[in-house]
Amino acid sequence: MSRFFDELKKRNVFRVAVAYIVIGWLLMQVADTLVPVLQLSEETSRYIFLALLIGFIPTLLFSWAYELTPEGLKREKDVERDKSITHHTAKKLDLITLFAVFLLLVMIVWQQMSPVTDQVTQPNKLVKQTTDTTTEDTSPLADASIAVLPFADLSAEGNQGYFSDGIAEEILNVLVKIKELNVSSRTSSFQFKGRDIGIPEIAKQLKVKHVLEGSVRKAGDTIRVTAQLIEAQTDKHLWSETYDRPLTAKNIFAIQDDISKAIVAALKDHLGISITEKVAVKASTDNLTAYDLYLKARPLFQSRFRLDEADQWLIQALEQDPNFVPALETRAALQSLMVEYGYSQSEKNDVMLATEKLVNRALSIEPNSALAIAVSAKSRMNSYQQYNIPVDMNQLEKDYNFALELDPRNASALNWRGLHYNYLGFLDKSLQDFQTCVKYEPLYVPCRENVTDTLSELGRYEESMDSFIAGLNNSSQKIQYVPLYMLAKLKKEVAFKTATNNFNLLFGWHRHDELYEAYQNLDQDHSELARDIKRFAKNHQGIDALMIDSIIIALGSSDLIENPFFYWGEGAKKYRQSQHFKSYIKKSGILAYWQDKGFPPQCKPVGQDDFECD
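Residues numbered from 1 in each chain as written. Predicted model: local features only at pLDDT ≥ 70, side-chain atom pairs only at ≥ 80, totals over all residues. Heavy atoms only, no water.

Engineer: Just to check I follow, could you spell out unusual backbone geometry for this structure?
Structural biologist: Peptide bonds are mostly trans, and most non-glycine residues show a negative phi. Phi is positive for Arg304, which is not a glycine, with a value near 55°. In this fold, Arg304 is placed in the loop between helix H11 (288-303) and helix H12 (307-320). The residue Arg306 is not glycine, and still its phi comes out positive at about 50°. Take Arg306: it is sitting in the loop between H11 and H12. Arg306 sits in the partly exposed class, given a relative accessible area of 33%. (Helix = DSSP H or I, 4+ residues; strand = E, 2+ residues; numbered from the N terminus. Buried < 20%, exposed > 50% of the residue type's maximum accessible area, 1.4 Å probe, protein only.)

Engineer: Can you walk me through the state of the cysteines in this structure?
Structural biologist: In a disulfide, the sulfur atoms of two cysteines are covalently bonded to one another. Under the criterion given, the structure shown has two disulfides. Put simply, Cys437 and Cys447 are joined by a disulfide, and their sulfur atoms are 2.0 Å apart. Judged by the sign of its S-S torsion, about 85°, the cystine formed by Cys437 and Cys447 is right-handed. On the criterion of sequence distance, the pair formed by Cys437 in helix H18 (residues 427-440) and Cys447 in helix H19 (residues 445-457) is long-range, its members being 10 residues apart. Sulfur-sulfur distance for the disulfide between Cys603 and Cys613 comes to 1.9 Å. Around the S-S axis, the bridge from Cys603 to Cys613 shows a dihedral of about 100° and counts as right-handed. (Disulfide = S-S within 2.5 Å.)

Engineer: Sorry if this is basic, but what is going on with the pattern of salt bridges here?
Structural biologist: Applying the stated criterion to the full structure yields 29 salt bridges. A salt bridge links Arg298 to Glu169, with the nearest nitrogen and oxygen atoms 3.6 Å apart. Highlighted residues: Arg298 in helix H11 and Glu169 in helix H7 (residues 161-175), separated in sequence by 129 residues. By relative accessible area, Arg298 is classed as buried at 7%. Take Glu169: its relative accessible area is 7%, and that puts it in the buried class. For Lys429, the salt bridge is made with Glu397, and the minimal N-O distance between the two is 4.0 Å. Residue Lys429 is located in helix H18, and its partner Glu397 is located in helix H16 (residues 393-406); the two are separated by 32 residues in the primary sequence. (Salt bridge = Lys/Arg side-chain N within 4 Å of Asp/Glu carboxyl O.)

Engineer: Mind showing me how you'd approach the confidence of the model for the protein here?
Structural biologist: Caution applies to low-pLDDT regions: their predicted coordinates should not be interpreted in detail. Taken as a whole, the protein shows an average pLDDT of 83; of its residues, 85% reach a score of 70 or greater. The least confident element of the protein, judged by mean pLDDT, is helix H6 (residues 123-130) at 35; the most confident is H12 at 96. Throughout residues 113-138 the model reports pLDDT below 50, and contacts reaching past four residues in sequence, or to other chains, amount to 43 contacts. (pLDDT = per-residue confidence, 0-100. Contact = heavy atoms within 4.5 Å.)

Here it is as structure tokens:
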């Protein structure tokens, strides 16, 4: 037995075992950190552990039977004793093991000391803290709760996903108006598109008891739509139907209407509930081509992605049907959004005129178009926020309120009204709108980013960071729009410099260390640094002008910006005391609104027609 153990030591089997265990432990620590960040299955860590466990014995057997020599890998029995270099290999294994131990200790210390990492490695805790920055929803599932999943595209070419998604979304939009039903949001349900997850697990994650799934097949001049309503916990089919119809716009809307009514009837029978709302899908066009083009454009508008392409689809749709209200109101919204998101260089007057024309056309056909009313208000909000044109703030607020009375879950209207309150300085009301928007549409990027920003403005920096991480986890937050002042206050230097080195910001500029230090001491004079940033931005294309202005405002150089800037956080105190800010508040109509409705917490009246802010 003694000779056997000596042979094990000679062949470095013990050293290989120790190195394998230490490196395996290190890999598990890395996996536990990265799995939630990359949104991988919770089973991933288990599979990695299982693979390491299975590989342990073969690794030891391999180290017993083979030796690594200068000539390559050889069977141990083929190596002459006097030419064996196992003692050199032993030293290398010792060094590798020591280095792995060092990395393991660093990893463990980092996990214990980093609050952000601690949250990331605890998915349940993160959901509780960051879903809507309030509290975790522990209420029991409502019996009358349902999620509408994106319908599968079964067309021969597999290129009709936008069309099958559109049909499912139209059905969801009808169901969501029934007050007796608790309907999961579009962004929540559609995140499962293409993922191989069972209905019970989807229902569990969405906190619903019923799921509608289906498929769409377009073939020539015909369409087949199959839909089925499933009770998730029992996997019981409460209703299913297949519709084979000629491919016309009229038939598509009729199918959506039939499915919506059948779902309501099935739930009424199954649950014994009373649903008083009248279910009806209104045909918004009789032109199939126009409808198809609109369905291509709508998801791009919702994601704020390739907005110029979406606009072209809608132009073609309106050529087919000039009275198609959804296309009119969506294209109206796109006019300013394309400029804001860098998809258009149109002049402000052209943008305002185009928006007004499209809004008026939509409202002349459908006076209660919630989106068109909200777009009209946003256009006027842009007038004072970007173009220094005074507006009636009270009327602006009334229009947003009316749009949300017509469609309480309209994410765009909620986001824009939240921005309106934010510009006025009423951050609590602003945050409430943004959080309501995220509650209805958890993956809606503008609202998530505005939750993060507003929490930072309120000085709730830890909550702002939680919101930022939650947005990164599900791609509802762009890293370049992180509040820099929040990162500076929390001493997140690496994150701060990662953000400022974004290609759309200051990548290629060489004074990021000075900028970070400036954010630690904003009460000092940083005018030279601000001028250098302005110079860099002017000489480089693709720079986010709004973010550059936010940095310049924080550095106390409001004289370098043209348009007013709304940031009510601690980092903009100097700006709020500047003549640039005071002059703008008076001209825009905001002071008149304050005098009528009351001043925000940061400001107070001085005499009859003046004010001062912190």
